[in-house]
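Coordinate inspection notes
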Amino acid sequence: MAEPLLSLDDLAVHFKIGNALGGGIKTLKAVDGVTLDVKPGECLGLVGESGCGKSTLALAIMGLLPPTRGTIGVDGQEISGSKAPDRMRMARTVQMVFQDPYASLNPRQTVRRTLADPLRLHGVRDKAEVEARVMDMMAKVGLRPEQADRYPHEFSGGQRQRIGIARALILKPKLVLCDEPVSALDVSIRAQIINLLLELKDELGLAYIMISHDLGVVEHVSDRVAVMYLGRIVEQGGWQEIFENPRHPYTRALIAAIPDPFHRAAISAKAKARGEIASALNPPPGCHFHPRCPLKADICVSQDPVLAAVAEGHRAACHFRDRVS
Amino acid sequence: MTGPLLKVDNLRISLAGDGATYSAVENVSFEIGRGEAFGLVGESGCGKSITALAVMGLLRRPLSLGGGRIVLDGKEIQDASAAEMRRLRGKRIAMIFQEPMTALNPLSPVGKQIAEMFVLHEGMGWNEAMDRAEDALRQVRVPSPERRIKDYPHQLSGGMRQRVMIAIALACGPDLLVADEPTTALDVTVQAEIIDLMAELCAAKGTAILMISHDLGLVANMCKRVAVMYAGRIVESQAAEAIFATPSHPYTRGLVDSLPRLGERSKRGRQRLREISGVVPSIAAYPAGCRFNPRCPSVTEVCREVVPEATPLPAEGLVRCHHHG
């Protein structure tokens, strides 16, 4: 078995909210005890609704938010704590593609400069080599050489996302965090970007964490899937297990909520969740999902369910994990 | 009382800008029967939202009605005075918007915003109207409506705000509800609840729905008939099931094929997604002939020169493509 490229152990990111004089300080547990591995070349789909902690988790992995508890290991190195590697080293290992290609590019930099600056910062001195690598990367993401001297506003949304992907890959990282990479794009452009991401993954042996609320996209691209709810992983497993045999009622609710006329209603309307996600400032006791759960029982209010195995490589955090089917 | 509830006939919407006038929407015709749910689907910029605004009589500069008729219940309303339209809006036709936070008045309690409808359109006194507002909130299943009527919009979650919007829109039992991306700002599980609620209440009251969305799956699930818009024109309209089963316009076919569909990968393994090449044209540079021609896989000379006429499809459908059949 390959060494994991990324390993999270009991990772927690908490924020202090409020002030001591007005109402007291509260703790917002954005990420609360996440244990997760990503192997080289693997795509992990990370699913959950807004406020579940997906993006906080991504920022912690990028080294942009300090963990409150637990450890993050990237490529054999711990990135939190006193022995943490420097940002420069991290940048050569982990990169990110953002949701909004309009907001995440510098409007005053040409494509060439956006791609060449990281190379120069990371010690590629030879001008010819910088140019060759920029051109090579542009070709890989489907941009033409003469577009190198254009600015972001001269491109469409899909092309801008290609620039964003090129920027993420120019330093040859091993892991790329894709945070909703297609949700800001026109529907007719999304397939182009999804195909591109999958081609680059195979060609360059990349590992992805694909954060998305679009389960169709997640099923299409992922090798494994993790489902988050209010800061915790409630279910994880191989993509086929998660989509065909979901064991957590929340996963089932997510799948049931998808309006797809072709999706045979294998999962009944009873699987739908009621109400809305609770505030992470004041999560319900026990299983965080219980106020919305169709299977709720007394034990769900009094006890936290543990994330336990239901099958090889498939784990679910539900007291009734063996009865959900 | 015969004939369709709403008939939009040869609608043109003009956009004035940069010293020129463009046709943002042209030759758009459709009919909605009493109590029928009709979907208008397209990507951003295709003209679907401004078509909805035209129906509501809410076009403002730089947009204006360039021609065509809008007939509500046998009466032409495209030239109705501002006062007439004010009487119609809220009473006979009502609208809900994508972002409930910006559509609600932040300085007024939600109960008052609902009660206003009864006071304005039904001449009710405020006390009675507030009682009715509480009932309306109960109908849209807001918990503890007696307390919630005093809440301001910022005190409610996104899903609850959209419920309030629905309560306002349906307060006076309108004949037509125009819903412009009503769930795009919401999480998927909440979206499923709001769609169910809208469909159920409109069915109970016999309200017709004009549903505007970029999500073909969502619209096809909820509506009986669907029209697909591209670059300001309707390119195809069919019964909802037929749009997915036998899409007739290359653009519709491209959209249906390009979306990763839940369950597909299990059945057939991961197939490369079919891409629609190119980008959505901008309004200042709409191509001559069929506006989809630069992106169309089956383009020929005639497509670049001649605007395709509507070809009838079974069950009152139509497609605008030179190569149909």
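Only a predicted model underlies this, so the values are computations on that prediction, with no experimental measurement involved.

How each quantity is defined
Each chain has its residues counted from 1, following the order in which its sequence is written. Following the order in which they are written, the chains are lettered starting with A and the ligands numbered starting with 1. Owing to the predicted nature of the model, reporting of local features is limited to residues with pLDDT of at least 70; listing and counting of side-chain atom pairs is limited to 80 or more, with chain, interface and lining totals taken over all residues. Computation of side-chain values covers all heavy atoms of the structure but excludes hydrogens and water. Elements are defined by DSSP. Helices are runs of H or I of four residues or more, strands are runs of E of two residues or more, and each kind is numbered from the N terminus. With the radius of gyration taken over C-alpha atoms, the globule rule is written as 2.2 Å times the number of residues to the power 0.38. When checking whether two residues touch, look at their non-hydrogen atoms; a contact exists if any pair is within 4.5 Å. Surface accessibility in these figures is a Shrake-Rupley result with a 1.4 Å probe; residues are shielded only by whichever protein chains are displayed. Here the positive residues are Lys and Arg and the negative ones are Asp and Glu; neither His nor the chain ends is included. Charge positions come from single atoms, namely NZ of Lys, CZ of Arg, CG of Asp or CD of Glu. Two strands form a pair only when DSSP identifies at least two bridges running between them. To get an axis, a line is fitted to the C-alpha atoms, and for a helix only the part in contact is used. The angle between two axes follows their N-to-C directions and goes from 0 to 180 degrees. The term buried area means the drop in 1.4 Å probe accessible area that two parts suffer when joined, counted for both and summed. Each reported salt bridge corresponds to a side-chain nitrogen of Lys or Arg within 4 Å of a carboxyl oxygen of Asp or Glu. By disulfide we mean two sulfur atoms from cysteines, separated by a distance within 2.5 Å. The labels follow the angle: roughly parallel below 35 degrees, roughly antiparallel above 145, roughly perpendicular from 65 to 115, and oblique for the rest. Note on convention: near helix rotated counterclockwise from far helix by under a right angle means a left-handed crossing. Clockwise means right-handed. Within this scheme, the nonpolar core is defined by two criteria: the residues are buried Ala, Val, Leu, Ile, Met, Phe, Trp, Tyr or Cys, and they are joined through side-chain atoms within 4.5 Å. Think of it in three bands: with a 1.4 Å probe and only protein chains considered, a residue is buried below 20% of the maximum accessible area for its type, exposed above 50%, and partly exposed in between.

1. Some remarks on the overall build of chain B
Helix and strand content of chain B: 13 helices and twelve strands. Its C-alpha atoms give chain B a radius of gyration of 21 Å, within 12% of the compact-globule value 20 Å for 325 residues. In terms of its C-alpha atoms, chain B occupies a principal-axis envelope of roughly 65 × 50 × 40 Å. Within chain B, contacts between residues separated by at least 24 positions form 62% of all contacts whose residues are at least 6 apart in sequence. Surface summary for chain B: the accessible area is close to 14,100 Å², and the carbon and sulfur share equals 51%. On chain B, the mean spot of the 38 positive side-chain charges and the mean spot of the 36 negative ones are 2 Å from each other.

2. Describing the sheet that holds strand β12 (residues 314-316) of chain A
Sheet strands pair via backbone hydrogen bonds, and the direction of the pair is either parallel or antiparallel. Residues and elements named next belong to chain A. The strand order β6-β7-β8-β3-β9-β10-β12-β11 describes an open sheet built from eight strands, whose pairing is mixed. Here the strands that pair on one side only, and so sit at the sheet edges, are β6 (94-97) and β11 (308-311). For this sheet the average axis-to-axis angle between neighbouring strands, irrespective of direction, equals 25 degrees. Here β6 pairs with strand β7 (residues 175-179) via four bridges, running parallel. Residue pairing in the sheet places Met-96 in a bridge with Leu-177 of β7. Sitting on the sheet, helix α5 (residues 157-169) touches β6 and β7, and the angle it makes with β6 is about 175 degrees.

3. As for the interface of chain A and chain B
In this complex, chain A contributes 43 residues to the contact, which on the side of chain B involves 45 residues. Between chain A and chain B the total buried area reaches about 3,600 Å² when both faces are included, carbon and sulfur atoms providing 55% of it. Linking chain A to chain B there are one salt bridge. A salt bridge links Arg-272 of chain B to Glu-199 of chain A, with the nearest nitrogen and oxygen atoms 2.1 Å apart.

4. Notes on the state of the cysteines
Tallied over the full model, the rule gives zero disulfides over all chains. As a non-bridged cysteine, Cys-178 of chain A has Cys-43 of chain A as the owner of its nearest cysteine sulfur, 7.4 Å distant.

5. Comments concerning the packing of helix α3 (residues 111-121) of chain A against α5 of chain A
A pair of packed helices can be characterised by two numbers: the angle between their axes and the separation between those axes. Residues and elements named next belong to chain A. Two elements in contact, α3 and α5, have axes whose closest approach is 9 Å; the angle formed by their N-to-C orientations is 15 degrees. On the basis of the axis angle, α3 is roughly parallel to α5. The interaxial crossing formed by α3 with α5 has right-handed handedness. Within the contact between the two elements, α3 uses Val-111, Thr-114 and Leu-115 and α5 uses Ile-163, Ala-166 and Arg-167.

6. Some words on the nonpolar core
Core analysis: the biggest nonpolar cluster contains 64 residues, and Ile-114, Ile-166, Met-198 and Met-211 of chain B have the highest contact counts within it. In terms of residue count, the dominant contributor to this core is helix α7 (residues 158-170) of chain B (eight residues). Discounting residues that sit within four places of it in the chain, Ile-166 of chain B has contacts with Ile-96, Val-140, Ile-194, Leu-197, Met-198 and Leu-201 of chain B. The next biggest cluster of nonpolar side chains, apart from the first, holds 42 residues, and it includes Cys-43, Val-130, Leu-198 and Leu-206 of chain A.

7. With respect to α3 of chain A
In an α-helix, one full turn covers 3.6 residues, which means residues spaced three or four apart are oriented alike. All names here are of chain A. For α3, the set of buried residues is Val-111, Thr-114, Leu-115, Ala-116, Pro-118 and Leu-119. Packing partners of the buried residues in α3 comprise α4 (127-140) and α5. Following α3 by one or two positions, Gly-123 has its phi on the positive side, about 90 degrees.

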